[in-house]
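# Observations on the three-dimensional arrangement
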Amino acid sequence: MMSDSRRFLHPEAIKRISRLDLRARHVVEGFLTGMHRSPYFGQSVEFLQHREYTYGDDLRYVDWKVWAKQDRYYVKQFEEDTNLRCTLLCDVSGSMQYGSGAMSKYEYGCTLAASLAYLVLRQQDAVGCVAFDETTRITVPLRTKRNHLDSIIQAMEISGPKNKTDLYPILRNVAETYPRRGLMVLVSDLLADRLSLFKGLKLLRSRGHDVLVFHVMDDDELDFPFSGPTRFEGLELPEHLRCNPRALREGYLMALGAYLEEVRRGCVRHRADYALIRTSEPLDAALAAYLSSRLGMHRRN
Amino acid sequence: MPPFAHEALLWGLPIVGLPVLIHLINMLRHRRVEWAAMEFLLVSQKRNRTWVLFRQLLLLLLRMLAVATVVLLVARPLLHNRLGSLLGSTQTHHILLLDDSFSMSDRWADTSAFAQAKMVVNRIAAVLAQEQNPQTFTLLRFSRVTQPDRGTRPDLLKETVDTGFTTRMVETLRAMQPSQTGNGPAEAIEAIGQLLGDGRQERRIVYLISDFRARQWDDSTDLRRQLLELNAADAEIHLINCVDRAHPNLAIALLAPTEGIRVAGVPWFMEVAVQNFGTTPVRDVPVLLEEDGHARASVTVAEIPPGRTVRERFPVHFPTAGQHEITARLESDAVGVDNVRYGTIHLPIDVPVLLIDGGPDARDARYLDMVLAPGGSIRTGITPQIETAAYLNGTRPLDRFGAIVLANIERLDIAGIESLRQYVAAGGGLAFFLGEQSRSLFFNGTLYCDGQGLFPLPLGEATVLPVDRLERGPDLQVAEHGVFRVFAGKRNSFLATVIVEQYFAAADGWEPGPDSTTRVIARLRNGAPLVIEHRFGKGRVLSFLTTASPVWNNWARNPSFVVAMQDMVAYLSQRAAGDISHRVGARLQLELEAKEYQPQVRFATPGEDVTPTATVDAVRSPEGVLVASLSETDVSGMYEARLTRTNGTTETRRFALNVEPEEGNLAALSGPQLATRLDGVDYRYEQADAFQYSVTQLGGYDVSRWLLYLLVVLLIGEQLLAYAASYHPPACSRAAEGGVR
C-alpha cells in the first residue's frame, strides 16, 4: 500500500479539475475574506440593503442622502465575502472495501475526497476531514495551509475498517465539532440505516451547513452481473447467502432501485446535494460534471 | 413395461440423475464473493425464495425428463396395446422376402443359411402371434417371383395373424428347402411392389432375409433405388443376414462338347470347367464322370487358383446313336447343388454332307469326299453325298444334311436357291468353293443380292496371285477360327506349304461392315479376302474364293486340308448338336409334328423314374406344329418328356437342367460394406443369429417419433424456463442496460 499522497491524489485528475471552483451554495461563516457569501455585513463594495438606524449603529454607514429626502435615518448594509470551511466526511467502513474494478469504493471515495481537499486548499479555503466507520476514527481540523493536504490523506489511510456504518452519531458529532456554518461533503456508499442518515443530514442542515453527498457505488452493486452458483458473504453483516445470482437479480435490482430513490428523495427533502457515482467512471469526469452543475446552481442562487 | 428394440440401452437410465449430480457439483463449486450490499440481496431472496425454489425444481425435473426421453428414444419402446394402435396405423403388414436361391444352402457346422432364415421367420411369426394389434403377414420366396407362365406366387399373401398362425407357419416352413434358382432380391422387391401396391393405408415392415452375396449387391444401383422407394413409402426395412462369413466353394461352371464331329461310334471330346469361389487355391480336384448313368474314368484338375476357372478335356465315346446323358460331379462342399452338372447330347449315326459340284468331272467334290470320308478303317462320322446342281431343284428336303457344300458351280435354279435359303435360315451350314465354272455375274446378281443373299460379298474377276519369289511369307494368312485350328500356333509348318495361285477377287473397295455378321477369316498375302464367314438366319455360311481341288491352289494336297475340311463340316453342322443343357427355371418346350405325335406329353422331373409329374396337352401353333411346355423346372437334373406317336409307339426325350454356376460364389458383404452400397437408405442390418435377442421389437407401435416430439417440447420448455429464471447470462452490454444508474 502506498503511504504517500499519490495513492489518493492522481495528478491527471487534479490537472483536469484544477480550473474548477468549489463554491458553497449557501452562506458560510469563514474567518477570512474569500469568495463565498458571508451572513455578516462588512466592508464590501457590493450594496445589499437599507436598514433603519438603531441605537449603536456606526454613524459611518448612515445614508445621508435618504435622511435629506425623507428626514429619517437609514444605514446602508454591504454584502461580506468570506472563506469556505469545508469538512470532508469519508466513510471507511467495511462495505467501502468492495471493489470489482481498478479501485474499491474506499479508494475511490478517498481519491474523491483528496481531490476536493486539493481544490479547496487551492482556492485559499479551509478544509478538514473526518474518517468514520461505526465511530469517528480520526478528525483532521480545518486548515488553509497547502501542506494540510498531506494530513488529510494520511487521515484517510485507515487500516482495519469496522462494522456497519451508523451515520447519525457521526454527523451529530461533526455538527457539534464544527458549529460554524460550512460545507460538509459526505463521501459514502450509504449502506446504512436511511433514517439515521436523513436525521444526520437534517441536523447538519439545521445548523446551517451546506451539505454535499457523494454516493459511491461499485458497478457490481448497481448491475449485479453475477452468474453461476455463488456464496455471498456480508462485508458488514454476518449473514451469508448461497444462491444462483441470476435468479435473484431482478429482485435485487428492484430493492436497490427503491433504496437509491429513497436516498435521493431524502437528500432532496433535506436540501442536500446528491450525486451517485460509479467507481468505473473516471473520477475527474465525474467530479468535473458535478462541480460544473453545482457552479451553475450557485450562479442561479 | 413395453418391450424395447434395444433393451440393453435401458442401462443408460441411471444417467437421468446426471442433472442432479451436476447441480450438486455446482453447489460445491460455488464462487465466494464478499458482498457489501447484502441487504438488497437478502430482500430479493426473501421475496423470491419460493418461486426460485419452484423454478429450480421444475428445471431440474425437465432436464431429468429430457435425459430420460433421450434414453428411451434410443432404446425405442414399442407399444403392443390399444394405445399403440391409437397412435399409429391400425394394421401392420409384415412382408418377408426370403432368399431361397441355392447359395442359401451354404452349410457350416450343423446349420445352413436357409435354416437360419427359417429360424428368423419362425421367431417373427411367434412374436406376431402374441400381438394384440391387427397384423398381416406376407411371405415371398425369391424363387417364386415372376416365374414363366406362373407369375409371382407368394407363399403367404396378407395372411391375418391369429392364434393358429404360428402352427401354420411352422408347417409351411417345414417343407421349405432352398431352391436351385439364382434369383436376386431386386426381383423380389419389385414383385412385392407390384403385388401389394403402395400400401399407404397400412404400416409396412419389410424383412429382407438373405445371404447378401457380393455378386448380387456389387451393382446395387437398382436395389438402392428400390429400398429408397420403400423408405419414401414409410416402410421400415430390416436386412437380416443369414451367413456369418464366406465359405470356400467349388462349382462346375461348364460341361460342354468341344468342336468337332459328334456321331455315334466316333470318339470326341468334352470339356468340363471347375470354378474355385474360395480364397485359397485347391489342388487335385477329382471330377467324377458318368455316361448314361455309368461311371467312367474321372478327370483330375491339378490346381485351381482362387477365383479362377480351370478347364479339362476328356474323351467321350458312345457306340450307339440316340440321346445320351453325361454327368460331372465334384466332391461335397459348402454348397452341393453346383457340384453336379448334367448334359444330354443327341448323337446321330453320321453327319450327311451334300456335295454339289458344277464341274464336268466333279473334281472338287471328289476331293472333298475323299477327305471327309477316307474309307477303310478310318471312320470320321461324315457321310458325303455328291450331286450335281440339278439336285437342288426345290423338291428334295435338305434338312437331313448336316452341311451342304457348293463347289465350282456355274449356276443354280431359283427354286434351288430358295430351298438353300430356307435351309440355311433354319440353321443349316453352307460352304462355297469357287472355281473355273464360277461366274461373278451369277454370284453377284443371284446369290449376293446386295448383301441380302447367301453369298457374303460381291465378286470381281478371277485373279492370279503373283508368285512370291522372295518368299517373304505364306500365301495364306488365317484368323483364329474353328475351321483353321490346324494352323493354330506360331511357326506352323502347314501354313507355309499352302500355295494359292488363283482366286476370285472381291469387288473393288469391298470390306465387311463393322456391324455386319460378315468376317474375313483368311486372307492372301496381298491382303485379298480368301475365306469369308457370315450368318444367314440361324445358319452359317463359309465362302472359299478358290477351288477345293488342287487346281487354283495346292491346299488339297496338304494334310492340313483334311483336318480343316472336317472341322469345317463340324462347324457348319453344329445345329444338329444343339444345346446340351438348360438353366433351372427355364421353360422346357417341345415342338412336335402333329402328324407324328399325340398331343399328350408326360413330363417326369428328376428323381421320378416311375410316375411322371405332369401331363401336358400340347397346343397347336399357327404353323401347325404341336407345342408342349413345362414350367415347373425349379430343380436341376434330368427331365424326361415321354411322347406317344400316332402309331402307338413311345419316345422319350431328355433335357438336362443345371443351376447358374455364378450363384455358387459365396463371397458375402459385411454390414459396413452393405452400408456403403446403400448410402442414404434407412434400414436396420442384423445377423440372423443375433436377431433372436431383438425379436421382441418386431411387433407393436414404435413410439420413437412421439418421444422425439416430447423431447423437443421438453427442451423448448427447459430453455424457456431457464430463460425466465434468468439462467441465461446476458451480454455485458445488456447487463449494463439492465443495471441501476
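The following refers to the structure shown. (Residues numbered from 1 in each chain as written. Chains lettered and ligands numbered in written order. Predicted model: local features only at pLDDT ≥ 70, side-chain atom pairs only at ≥ 80, totals over all residues.)

### Details of the overall build of chain A
A tally of regular secondary structure across chain A gives 9 helices and 11 strands. Buried residues in chain A amount to 42% of all 301 residues. Residue pairs at least 24 apart in sequence account for 77% of intrachain contacts in chain A once pairs closer than 6 positions are excluded. (Helix = DSSP H or I, 4+ residues; strand = E, 2+ residues; numbered from the N terminus. Buried ≥ 20, exposed ≤ 12 C-beta atoms within 10 Å, placed from the backbone. Contact = placed C-beta atoms within 7 Å.)

### Considerations on the pairing of strand β32 (residues 625–630) of chain B
All names here are of chain B. Residues L626, A628 and L630 line the buried face of β32, whereas the alternating positions V625, V627 and S629 sit on a face that is not buried. Summarising the sheet, strand β28 (residues 588–593) and β32 pair through 6 bridges and their orientation is antiparallel. Its bridge partner lying in β32, Q589 is registered against S629. As paired strands, strand β31 (residues 619–620) and β32 are joined by 2 bridges and run antiparallel to one another. Pairing of V619 across the sheet is with V627, part of β32. Linking β31 back to β32 in an antiparallel pair, the connection comprises 4 residues, with G624 at a positive phi of about 95°. (Pairing = 2+ DSSP bridges.)

### A closer look at the sheet that holds strand β13 (residues 294–304) of chain B
Residue and element names in this part refer to chain B. If you trace the 4 strands from one edge of the open sheet to the other, you get β13-β12-β15-β16, paired in antiparallel fashion. Lying at the two open borders of the sheet, with one neighbouring strand each, are β13 and β16 (340–347). Strand-to-strand, the axes of this sheet are offset by a mean angle of 20°, without reference to chain direction. (Axes fitted to C-alpha atoms, helices over the stretch in contact; angles between N-to-C directions.)

### Notes on the interface of chain B and chain A
Contacts between the two partners involve 31 residues from chain B, matched on the other side by 38 residues from chain A. At the level of secondary structure, the elements contributing two or more residues to the side of chain B that touches chain A comprise α1 (18–28), β1 (31–35), α2 (38–75) and α18 (732–738) of chain B. Per element, the largest residue contribution to the side of chain B that touches chain A is 11 residues, and it comes from α2(B). Here the side of chain B that touches chain A is built from residues that sort into 17 nonpolar, 8 polar and 6 charged. When strand β9 (residues 230–234) of chain A meets β1(B), the two strands line up parallel, connected through 5 bridges. Bridged to A:R231 within β1(B) is B:R32. (Nonpolar A, V, L, I, M, F, W, Y, C, P; charged D, E, K, R; others polar.)

### Considerations on the nonpolar core
The biggest cluster of nonpolar side chains holds 166 residues, and the ones touching the most others in it are B:L97, B:I209, B:V405 and B:V569. The dominant element in this core, judged by the number of residues it contributes, is helix α4 (residues 113–129) of chain B, at 9 residues. Excluding anything up to four places from it in sequence, B:V405 contacts B:V353, B:L355, B:I356, B:L368, B:A431 and B:F433. A:A113, A:Y118, A:L149 and B:M38 belong to the second-largest nonpolar core, a separate cluster that totals 81 residues. (Core = buried A, V, L, I, M, F, W, Y, C linked by C-beta atoms within 7 Å.)

### Side note on the environment of B:N249
All names here are of chain B. Considering the arrangement of structural elements, one finds N249 in the loop between β9 (236–241) and β10 (250–257). Separated by 86 residues in the primary sequence, N249 and V335 have C-alpha atoms spaced 6.6 Å apart. Excluding residues that lie within four positions of it along the chain, N249 makes contacts with F277, G278, D333, A334, V335, G664 and L666.

### A word on the packing of helix α3 (residues 105–122) of chain A against helix α4 (residues 148–156) of chain A
All names here are of chain A. Between α3 and α4, whose axes approach to 10 Å, the crossing angle comes to 165°. With respect to α4, the element α3 is oriented roughly antiparallel. Our pair here, α3 against α4, has a crossing hand that is right-handed. Contacts between α3 and α4 involve C110, A113, A114, A117, Y118 and L121 from the former and H148, L149, I152, I153 and M156 from the latter. Tallied by class, the residues present in the contact of α3 with α4 amount to 10 nonpolar, 1 polar and no charged. (Parallel < 35°, antiparallel > 145°, perpendicular 65-115°, else oblique. Left-handed = near helix turned anticlockwise from the far one by under 90°.)

### Regarding the pairing of strand β6 (residues 135–141) of chain B
All names here are of chain B. By the criterion of burial, β6 is predominantly enclosed, with 6 of the 7 residues buried. Sheet topology note: the strand β3 (residues 92–98)/β6 ladder contains 7 bridges and is parallel. Bridge pairing in β6 links L96 to L139. Bridge analysis of β6 against strand β7 (residues 156–160) gives 3 bridges, and the strand direction is antiparallel. Paired with T136 across the two strands is T160, which belongs to β7.

### Regarding the sheet that holds β10(B)
All names here are of chain B. The strand order across the open sheet built from 3 strands is β10-β11-β14, with neighbouring strands paired in antiparallel fashion. Each of the sheet's edge strands pairs with one partner strand only, and the pair in question is β10 and β14 (309–316). The sheet shows a mean angle of 20° between the axes of neighbouring strands, direction not considered. Pairing between strand β11 (residues 268–276) and β14: 8 bridges, direction antiparallel. Bridge assignment links A273 to a residue of β14, and that residue is R311.

### What to know about unusual backbone geometry
One non-glycine residue with positive phi stands out, namely A:F224, at about 50°. The residue A:F224 is located in the loop between α7 (219–223) and β9 in this model. With 26 C-beta atoms packed within 10 Å, A:F224 lands in the buried category. Here the phi dihedral of B:C449 falls at roughly 50°; this positive angle occurs in a residue that is not glycine. Summarising the element assignment, B:C449 is placed in the loop between α11 (440–448) and β21 (459–464). We classify B:C449 as partly exposed; it has 15 C-beta atoms within 10 Å.

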